[in-house]
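Residue-level structural notes
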Amino acid sequence: MYLNSIKDENLYMAFGFIALILTSVLSLSSSAFFLYIFNS
């Protein structure tokens, strides 16, 4: 039971880390896209 909860917590942390990276990449790409539109 204890080992199972540790595994679930690591999975949850990994999922949050991936989601954080995805959101930061999305915001960076969208801001670069808008800059490209405004500059052209």
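Notes on the structure follow. (Residues numbered from 1 in each chain as written. Predicted model: local features only at pLDDT ≥ 70, side-chain atom pairs only at ≥ 80, totals over all residues. Heavy atoms only, no water.)

Regarding a nonpolar patch on the surface
Taken together, the side chains of Phe-33, Phe-34, Tyr-36, Ile-37 and Phe-38 make up a nonpolar region of the molecular surface, amounting to roughly 630 Å² of accessible area. In this fold, Phe-34 is placed in helix 1 (residues 2–39). Phe-34 sits in the partly exposed class, given a relative accessible area of 48%. (Patch = residues over 30% accessible without salt bridge, like charges linked within 9 Å, V, L, I, M, F, W, Y side chains within 5 Å. Areas by Shrake-Rupley, 256 points an atom, 1.4 Å probe, with all protein chains shown as cover. Salt bridge = Lys/Arg side-chain N within 4 Å of Asp/Glu carboxyl O. Helix = DSSP H or I, 4+ residues; strand = E, 2+ residues; numbered from the N terminus. Buried < 20%, exposed > 50% of the residue type's maximum accessible area, 1.4 Å probe, protein only.)

Comments concerning the environment of Ser-40
In this structure, Ser-40 sits in the segment after helix 1. Judged by relative accessible area, Ser-40 falls into the exposed class, the value being 72%. Distance in space between the C-alpha atoms of Ser-40 and Asn-4 is 54 Å, their sequence separation being 36 residues. Among the polar contacts made by the side chain of Ser-40, one reaches the main-chain carbonyl oxygen of Ile-37 at a distance of 3.0 Å. (Polar contact = N/O pair within 3.5 Å; in protein donor to acceptor, adjacent residues only side chain to side chain.)

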